[in-house]
2 protein chains.
Amino acid sequence: MLLCDIGNTSYHFLSQSESFKKDVKSFDASEVKHKVYYISVNKDVDISLKNLANWVDISTHLDKAKYYETMGVDRMMALEAIEGGIILDAGSAITVDVKRDGVFEGGFIYPGLKTMSESYKNISSALAYEFNFDIDLRGLPKNSQDAITYGYLKTLYCEVMSHKMEIILTGGDANLFAKIFKEARVDEHLVFKGMKRVISDL
Amino acid sequence: MLLCDIGNTSYHFLSQSESFKKDVKSFDASEVKHKVYYISVNKDVDISLKNLANWVDISTHLDKAKYYETMGVDRMMALEAIEGGIILDAGSAITVDVKRDGVFEGGFIYPGLKTMSESYKNISSALAYEFNFDIDLRGLPKNSQDAITYGYLKTLYCEVMSHKMEIILTGGDANLFAKIFKEARVDEHLVFKGMKRVISDL
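Model, not experiment: these values are computed from the prediction. (Residues numbered from 1 in each chain as written. Chains lettered and ligands numbered in written order. Predicted model: local features only at pLDDT ≥ 70, side-chain atom pairs only at ≥ 80, totals over all residues. Heavy atoms only, no water.)

Visitor: Please provide a residue-by-residue account of helix α3 (residues 113–123) of chain A, values included.
Guide: The complete set of buried residues in α3(A) reads L113(A), T115(A), M116(A), S117(A), S119(A), Y120(A) and I123(A). Next to the buried residues of α3(A) lie β8 (103–111), α4 (144–161) and α5 (174–177) of chain A together with β7 (93–100), β8 (103–111) and α3 (113–123) of chain B. (Buried < 20%, exposed > 50% of the residue type's maximum accessible area, 1.4 Å probe, protein only. Helix = DSSP H or I, 4+ residues; strand = E, 2+ residues; numbered from the N terminus. Contact = heavy atoms within 4.5 Å.)

Right, dumping it as structure tokens:
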């Protein structure tokens, strides 16, 4: 079974236990001849896939009433994989979603690493630093690199920790964020796990 | 006495108790014939002002050893105005600085309103919303506009509140942020107050 989670920048495939990515801009989905169960938050890709019979959009089999209308289907699928906890999906955007006793409580969206880094650079060349993921967030910074790193990461950390729930990290930058969220569990295949649950109900 | 605080986007003047702004791109500083006491975080402007005898850079009279080398002088001046508290200066960047019993403890930098709004738009057109400053941050969002608003503001709010100190808001967006930081005091002239203190010591 081939699964695919399509985001703003890439097709993320899972074949057996092996996952791989293809760039949205260059990948030709019609070259895939196997049956693919997919979800997509990328509207342009979604439209093009409607013409390919072997690409099956499983989002239509999800009970979306549990979530909200404009919510990304990848967030819903990750939530389908757990009974409770706080999911931090670190991709081009960071989505943070809370589920308690099987019920979705809400979530928020924060800029991903690349976007946030560019934001600081656009404000001033004096803020053109890479983020320091080895930062100690317990004390307030006294240098520019840590001042933007703390601004980006401590604010997020503070909010996420305030929920006092198990944290599950997923998405392309999950392992990097695990350096900050030391208490968290990394599960790179959380969205795929949710997709499998939905498929098993078909 | 004419004071001027020069940022990345504007000259901010104070004449008596009246303040006004001029765009960095279009304003010609040589047209001002009065003596101006100024500070600048804008390197290009700073260089051009060195040739104008009536523009006096007062940052040279500040004891910068109390702060850190690459720190913006506007942040230092705002801190000079208080003995203790947490200052949130909401401009093109948001700077947050903590001073306790007369000693600077450190600070961080967060993207300003316009930059952050553009960041979300650049990630996806699905996130192209204005921020909702009337949001209730007590519960997790279940719609896209509040999901990005909460991502931007609740994270910042959580971190700032964790210091349990008096909050002073300043900068061009101070009144807007006062809708979120309801406990805070707004002082639009905090940087000027610090500048006056430094000048009074000359």
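On we go.
Visitor: Can you break down the sheet that holds strand β2 (residues 10–15) of chain B residue by residue, with the values?
Guide: Residue and element names in this part refer to chain B. If you trace the 5 strands from one edge of the open sheet to the other, you get β3-β2-β1-β4-β5, paired in mixed fashion. In this open sheet, the two edge strands, each paired with only one partner strand, are β3 (18–23) and β5 (55–57). Averaged over all neighbouring strand pairs, the angle between strand axes comes to 25°, with direction disregarded. As defined by bridge partners, strand β4 (residues 36–40) adjoins β5 across 3 bridges and the pair is classed as parallel. In the strand pairing of β5, Y37 is matched with V56. (Pairing = 2+ DSSP bridges. Axes fitted to C-alpha atoms, helices over the stretch in contact; angles between N-to-C directions.)

Visitor: Describe the sheet that holds strand β10 (residues 185–186) of chain B, and please don't skip the residues or the numbers.
Guide: Residue and element names in this part refer to chain B. Sheet architecture is open: 5 strands sit in the order β8-β7-β6-β9-β10, paired in mixed fashion. Both edges of this open sheet fall to β8 and β10, since each of them pairs with a single strand only. With 6 bridges joining them, strand β6 (residues 85–90) and β7 adopt antiparallel strand pairing. The partner of A90 across the bridge, within β7, is I94.

Visitor: I'd like to hear about the side chain of D89(B), residue by residue, with values.
Guide: All names here are of chain B. By the element assignment, D89 lies in strand β6. It turns out D89 is buried and unbridged, and the closest side chain with the opposite charge, R75, is 7.9 Å from it. Sequence-distant contacts of D89, defined by excluding residues within four places in its chain, comprise I94, T95, T170, G171 and V191. (Lys, Arg positive; Asp, Glu negative; His and termini not counted. Salt bridge = Lys/Arg side-chain N within 4 Å of Asp/Glu carboxyl O.)

Visitor: Could you give me a rundown of the interface of chain B and chain A, with the residues and numbers involved?
Guide: With 38 residues of chain B in contact, the opposing surface of chain A contributes 38 residues. Overall, the association of chain B and chain A removes approximately 3200 Å² of surface from exposure, summing both partners, and the carbon and sulfur fraction of that is 69%. Applying the counting rule to chain B against chain A returns 2 salt bridges. Residues K154(B) and E159(A) are paired through a salt bridge, measuring 3.6 Å at the closest nitrogen-oxygen approach. The set of elements that each furnish at least two residues to the side of chain B that touches chain A consists of β7, β8, α3 and α4 (144–161) of chain B. By residue number, the principal contributor to the side of chain B that touches chain A is α4(B), which donates 10 residues. Its residues assigned to classes, the side of chain B that touches chain A comprises 20 nonpolar, 14 polar and 4 charged. (Buried area = accessible area lost by both parts, 1.4 Å probe. Nonpolar A, V, L, I, M, F, W, Y, C, P; charged D, E, K, R; others polar.)

Visitor: Account for the nonpolar core, naming residues and giving values.
Guide: Core analysis: the largest hydrophobic core is formed by 122 residues, its most contacted members being F181(A) and F181(B). Setting aside residues up to four positions removed in sequence, F181(B) forms contacts with L88(B), L156(B), Y157(B), V160(B), M161(B), I167(B) and L169(B). (Core = buried A, V, L, I, M, F, W, Y, C linked by side-chain atoms within 4.5 Å.)

Visitor: Talk me through the state of the cysteines; I want residue IDs and the actual numbers.
Guide: Summed over the entire model, instances satisfying the criterion amount to 1 disulfide over all chains. Between C158(A) and C158(B) runs a disulfide, and the two sulfur atoms are separated by 2.5 Å. Looking down the S-S bond of the C158(A) and C158(B) bridge, the torsion is -75°, so its handedness is left-handed. One end of the pair, C158(A), is in helix α4; the other, C158(B), is in helix α4, on a second chain. Residues C158(A) and C158(B) agree in their burial class; the two are buried. (Disulfide = S-S within 2.5 Å.)

Visitor: Please give an account of the side chain of E159(B) that cites residues and values.
Guide: Looking at where E159(B) falls in the secondary structure, it is placed in helix α4. Residue E159(B) is classed as buried on the basis of its relative accessible area, which comes to 0%. Not counting chain neighbours up to four residues away, the residues in contact with E159(B) comprise Y150(A), K154(A), T155(A), C158(A) and F108(B).

Visitor: Any chance you could break down the domain arrangement of chain A for me, citing the residues and the numbers?
Guide: Where the parts come together, the accessible area they lose is often given as the size of the interface. Residue and element names in this part refer to chain A. The domain boundaries assigned to chain A delineate domain 1 (1–81) and domain 2 (83–186). Each side of the interface is counted separately: domain 1 has 10 residues, and domain 2 has 12 residues. Together domain 1 and domain 2 conceal approximately 910 Å² of surface at their shared face, both sides included; 58% is due to carbon and sulfur atoms. Taken as a group, R75, A78 and L79 account for 58% of the area that domain 1 buries against domain 2, more than any other trio of residues on that side. The tally of links from domain 1 across to domain 2 stands at 1 salt bridge. Notably, a salt bridge pairs R75 with D97, separated by 2.7 Å at the nearest N-O pair. At the junction of domain 1 and domain 2, the tally comes to 2 residue pairs in polar contact (both at pLDDT 80 or more). In terms of residue count, helix α2 (residues 73–80) provides more of the side of domain 1 that touches domain 2 than any other element does, 4 residues in total. The residue inventory of the side of domain 1 that touches domain 2, partitioned by class, reads 5 nonpolar, 1 polar and 4 charged. (Domains from an automatic or database assignment. Polar contact = N/O pair within 3.5 Å; in protein donor to acceptor, adjacent residues only side chain to side chain.)

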